[in-house]
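Below, each chain spelled out in residue letters.
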Amino acid sequence: MFTIDPHMALPESKISAPAEDTSDDEACVLPADTMLILQQFLQEKALKERSEEAGPESAGCFEENWQLSQFWYNEETKQKLALIVKHLQENNPSDSFQVALLSAPSAFKHVVKENKKAMLFEFDERFASYGENFQQYDYNRAFDAGYMDAYAQQFNLVIADPPFLSEECIEKMGVIVKKIIKQEGKIVLCSGAVVHDWAKKHFGVSMCEFRPEHERNLGNEFRSYANFDLDSILNKEQ
């Protein structure tokens, strides 16, 4: 997705300003490429304003950013993740069931319908339009002293989708999840089948039957992992 810097100045050399003797009826004409940049900026600005007015449930119709390894879930997968949230919070004695999504922005709008305080942790700052439901983070800072301490042992459920299929990424995401989750908290990890051993080692989760799917077909086999009986919840809802 092409993003426009709101502070970017339009190229002065490409703006055709009317001369002093130009009539008042003549309009200032911008080159086609400058007009395209301006139009894209105004469209994104209007979308962000509409999203902020509508609230987190409606905010952000964002395109995938492949450079950030973003691949959106399909509708069925988003609904199933929301069902897991609904079931767990209905069967939790706590008055304040809290949910965190790490690098899983496409599931957020479905999850927040079930849990209004759901928090999205995401590197991509486009999702700042979710307001208080968004926190920018970088998994690469997992070992930084004090990083994410403000959210220590806060969440009853964490849904994580590491952006990369490497042990380094899985390990660092695991460090963050273990910091922010409550002692008896539930973990759902959505990632490739190839991370099976790393998921068990760094998250303490086991592979489930549920297979998350995406809007686009990915080359890698995708699986889910959890530290609870995730499949029984989904089977009950069918």
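Residues numbered from 1 in each chain as written. Predicted model: local features only at pLDDT ≥ 70, side-chain atom pairs only at ≥ 80, totals over all residues. Heavy atoms only, no water.

- If you look the protein chain up in an unreviewed UniProt entry, it shows as Protein-lysine N-methyltransferase from Anopheles arabiensis.
- UniProt annotates the protein chain under Subcellular location (unreviewed entry) with the comment "Cytoplasm". (UniProt positions renumbered as here; feature names shortened; annotations may be inferred.)

### A word on the overall build of the protein chain
1) Next: A count of helices and strands for the protein chain gives six helices and seven strands.
2) Next: Along its sequence from the N terminus, the protein chain presents helices and strands in the succession α-α-β-α-β-β-β-α-β-α-β-β-α.
3) Next: In the protein chain, buried positions account for 42% of the 238 residues.
4) Next: Considering only contacts in the protein chain between residues 6 or more positions apart, those separated by 24 or more positions represent 65%.
5) Next: For the protein chain, the accessible area works out to roughly 13500 Å², and carbon and sulfur atoms hold 47% of it. (Helix = DSSP H or I, 4+ residues; strand = E, 2+ residues; numbered from the N terminus. Buried < 20%, exposed > 50% of the residue type's maximum accessible area, 1.4 Å probe, protein only. Contact = heavy atoms within 4.5 Å. Areas by Shrake-Rupley, 256 points an atom, 1.4 Å probe, with all protein chains shown as cover.)

### Some remarks on unusual backbone geometry
1) Next: Phi is positive for Ser 103, close to 60°, though the residue is something other than glycine.
2) Next: Mapped onto the elements, Ser 103 comes out in the loop between β1 (99-102) and α3 (108-114).
3) Next: In this structure, Gln 153 is a non-glycine residue whose phi angle is positive, near 50°.
4) Next: Along the chain, Gln 153 falls in the loop between β3 (134-136) and β4 (155-160).

### Comments concerning the sheet that holds β3
1) Next: On the basis of which strands lie adjacent, the open sheet formed by seven strands has the order β3-β2-β1-β4-β5-β7-β6 and mixed pairing. Two strands lie at the open edges of the sheet, namely β3 and β6 (206-207), each paired on one side alone.
2) Next: Note: β6 against strand β7 (residues 222-226), two bridges, orientation antiparallel. Counted as the bridge partner of Met 207 is Tyr 225 from β7.
3) Next: Where helix α4 (residues 167-180) meets the sheet, it contacts β1, β4 and β5 (181-192), and its direction lies at approximately 155° from that of β5. (Pairing = 2+ DSSP bridges. Axes fitted to C-alpha atoms, helices over the stretch in contact; angles between N-to-C directions.)

### Here we look at the packing of aromatic side chains
1) Next: Under the counting rule described, the total for this entry stands at five aromatic pairs.
2) Next: Taking the centre distance of 6.2 Å and the plane angle of 85° together, the rings of Phe 121 and Tyr 137 count as edge-to-face. Residue Phe 121 is found in strand β2 (residues 119-122), and its partner Tyr 137 is found in the loop between β3 and β4; the two are separated by 16 residues along the sequence. For the pair shown, Phe 121 and Tyr 137 are each scored as buried.
3) Next: Ring centres of Tyr 151 and Phe 155 lie 6.4 Å apart, and the angle between their planes is 25°; on these two criteria the pair is classed as stacked. A single burial state applies to Tyr 151 and to Phe 155, both of which are buried. (Phe/Tyr/Trp six-rings, centres within 6.5 Å; stacked < 30°, edge-to-face > 60°.)

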